[in-house]
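# Structure assessment
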Amino acid sequence: MTVILVALGAAVGAPLRYLVDRAVQARHGSAFPWGTLVVNVIGSLLLGVLIGGAAVGAVPGSLVALLGVGLCGALTTYSTFGYETVRLFEDGARLPALLNAIVSVVAALGAAFVGVTLAETMWA
Amino acid sequence: MGAQRPPVDPDVDLGVPRQRAELRGGTTSLLAAIAGGGMVGALARYGLTVTFSHPPRGFPWATFAVNVSGCLLIGALMVLITEAWTAHRLVRPFLGVGVLGGFTTFSTYAVEVQQAVAAGAVRTGLLYLAGTLVAALVAVRLGVTLTRRATGVDRNRSAG
């Protein structure tokens, strides 16, 4: 059952990443990978809420599997982030590459902390 | 030389004509390929994290391995389909955006760091944070370099 929920969540999460990435890119022409940054931060925030909620018994395991492991897991990506960072660096855009790495990690981690805190305040 | 410059964003790079044209071939087939790939990738990740689960204060080895190996593979894949071969229009969406995007995860990585810190294992959390970042970037570079060497793209590049 859990396997099906994970698969269903991912079937929505992966195309959603593509569409958000596309929409964000269409709004501005820069080579900086804003689209991936946006999905990674949103996904980290949502997973933080789910895991924080699960810890206080407010979010059932099935929802964590569907939205957390499946949707957030597939919505967010490390491979795309890593590839973009290396490509920027290879193209000589060393500062944007460094900024992308630092901002992605710090913003996603911050979002995860905010998500967990939000869940604790809402449900505890 | 005739080979295309690889895109910066492997999911969708609107600066690359072939990727801008992707949707014109049919949105349904494109999104279906991404969804199918995402399911395969996410299930593989789920299987690995369940099999190799870590204690609350321990190092999340499963996610670490998933993210680093996914980065090695995206580096290899992008060289193969943009520099070495001409691939079918759904190959990158299925394997790159779908399978590898669904396999690797940034949200689990971020929340695992938060959980380690919350459990009092600050040093493990920070080691995991920095270790994944460094290993993943090295893995992408390694995937790109080794694949260029193996396919001979390297020689064409220096000759051109």
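How each quantity is defined
Residues numbered from 1 in each chain as written. Chains lettered and ligands numbered in written order. Predicted model: local features only at pLDDT ≥ 70, side-chain atom pairs only at ≥ 80, totals over all residues. Heavy atoms only, no water. UniProt positions renumbered as here; feature names shortened; annotations may be inferred. Helix = DSSP H or I, 4+ residues; strand = E, 2+ residues; numbered from the N terminus. Contact = heavy atoms within 4.5 Å. Buried area = accessible area lost by both parts, 1.4 Å probe. Salt bridge = Lys/Arg side-chain N within 4 Å of Asp/Glu carboxyl O. Polar contact = N/O pair within 3.5 Å; in protein donor to acceptor, adjacent residues only side chain to side chain. Buried < 20%, exposed > 50% of the residue type's maximum accessible area, 1.4 Å probe, protein only. Expected span 1.5 Å × (residues − 1). Patch = residues over 30% accessible without salt bridge, like charges linked within 9 Å, V, L, I, M, F, W, Y side chains within 5 Å. Areas by Shrake-Rupley, 256 points an atom, 1.4 Å probe, with all protein chains shown as cover. Phe/Tyr/Trp six-rings, centres within 6.5 Å; stacked < 30°, edge-to-face > 60°. pLDDT = per-residue confidence, 0-100.

An unreviewed UniProt entry lists chain A under the name Fluoride-specific ion channel FluC, with Verrucosispora sioxanthis given as the organism. Recorded in UniProt under Sequence similarities (unreviewed entry), the annotation for chain A is "Belongs to the fluoride channel Fluc/FEX (TC 1.A.43) family." According to the UniProt record, the Function (unreviewed entry) comment for chain A is "Fluoride-specific ion channel. Important for reducing fluoride concentration in the cell, thus reducing its toxicity."

## Some details on the side chain of Q114(B)
Mapped onto the fold, Q114(B) is located in helix α5 (residues 107-118). Non-local contacts of Q114(B), meaning those with residues more than four positions away in its chain, are made with L109(A), A112(A), F113(A) and V116(A).

## Comments concerning the interface of chain B and chain A
In this assembly, 55 residues from chain B lie in contact with 51 residues from chain A. For the pair chain B and chain A, the summed buried area comes to about 4400 Å², and 71% of that belongs to carbon and sulfur atoms. The three residues of chain B that bury the most area against chain A are V8(B), Y46(B) and F106(B), which together make up 17% of that side's buried surface. At the boundary of chain B and chain A, one finds three salt bridges. A salt bridge links R148(B) to E90(A); the shortest N-O distance between them is 3.2 Å. The tally of links from chain B across to chain A stands at 18 residue pairs in polar contact (both at pLDDT 80 or more). Elements that contribute at least two residues to the side of chain B that touches chain A include exactly α1 (17-20), α2 (27-51), α3 (61-84), α4 (91-103), α5 and α6 (122-151) of chain B. Ranked by residues supplied to the side of chain B that touches chain A, first place goes to α2(B) with 10 residues.

## Topic: the pattern of salt bridges
All names here are of chain A. Tallied over the entire structure, the rule returns six salt bridges over all chains. The salt bridge involving E90 is made with R87; its shortest N-O contact spans 2.9 Å. In this pair, E90 and R87 both sit in helix α4 (residues 79-90), three residues apart, roughly one turn of the helix. Given the relative accessible area of 27%, E90 is considered partly exposed. By relative accessible area, R87 is classed as buried at 3%. Salt-bridge contacts for D91 lead to R87; the nearest nitrogen and oxygen are separated by 3.3 Å.

## Structural notes on the UniProt feature "transmembrane region" (unreviewed entry) in chain A
Residues and elements named next belong to chain A. Those residues carrying the UniProt feature "transmembrane region" (unreviewed entry) are residues 32-56, 63-83 and 95-119 in this numbering. Overall, residues 32-56 shows 88% helix and 0% strand. The separation of its end C-alpha atoms is 38 Å. The annotated region residues 95-119 carries 100% helix and 0% strand content, and the separation between its end C-alpha atoms amounts to 36 Å.

## Some thoughts on α2(B)
Under the 1.5 Å per step criterion, the end-to-end length of α2(B) is 36 Å for 25 residues, consistent within 8% with the ideal 36 Å. Within α2(B), burial applies to L30(B), A33(B), I34(B), A35(B), G37(B), G38(B), G41(B), A42(B) and R45(B). Buried residues in α2(B) make contact with α1 (2-27) and α3 (61-75) of chain A together with α3 and α4 of chain B.

## Looking at a nonpolar patch on the surface
Together, L45(A), V56(A), V114(A), L118(A), M122(A) and W123(A) line one region of the surface with nonpolar side chains, adding up to about 520 Å² of accessible area. The topology assignment puts L118(A) in helix α5 (residues 94-123).

## A few points about the packing of aromatic side chains
One pass over the full model with this rule turns up 11 aromatic pairs over all chains. Arranged with centres 5.7 Å apart and planes meeting at 65°, the rings of F59(B) and F64(B) form a pair that is edge-to-face. With respect to burial, F59(B) and F64(B) carry one shared label: buried. Cluster of aromatic residues (ring-pair linked, three or more members): Y78(A), F81(A), F59(B), W61(B), F64(B), F106(B), Y109(B) and Y128(B).

## A few points about the confidence of the model for chain B
Parts of the prediction with low pLDDT should not have their coordinates interpreted in detail. Across chain B, the average pLDDT comes to 91, with 91% of residues at 70 or higher. Model confidence for chain B, summarised as mean pLDDT per element, is weakest for helix α7 (residues 153-159) of chain B at 62 and strongest for α5(B) at 98.

## Some details on the UniProt feature "binding site: Na(+)" (unreviewed entry) in chain A
What UniProt calls "binding site: Na(+)" (unreviewed entry) maps, in this numbering, to G73(A) and T76(A). With near-sequence residues (within four places) excluded, G73(A) lies in contact with G68(A), R45(B), G101(B), G102(B), T104(B), T105(B) and S107(B). Mapping T76(A) onto the fold places it in the loop between α3 and α4. Taking relative accessible area as the criterion, T76(A) reaches 0% and is therefore assigned buried. Among the polar contacts listed, one links the side chain of T76(A) to the backbone oxygen of C72(A), at a separation of 2.9 Å.

## A word on the environment of E90(A)
Through-space distance from the C-alpha of E90(A) to that of L67(A) is 35 Å; in sequence the pair is 23 residues apart. Once residues lying within four places of it in the same chain are set aside, the contact partners of E90(A) are R141(B), V144(B) and R148(B). There is a polar contact of 3.2 Å between the side chain of E90(A) and the side chain of R148(B).

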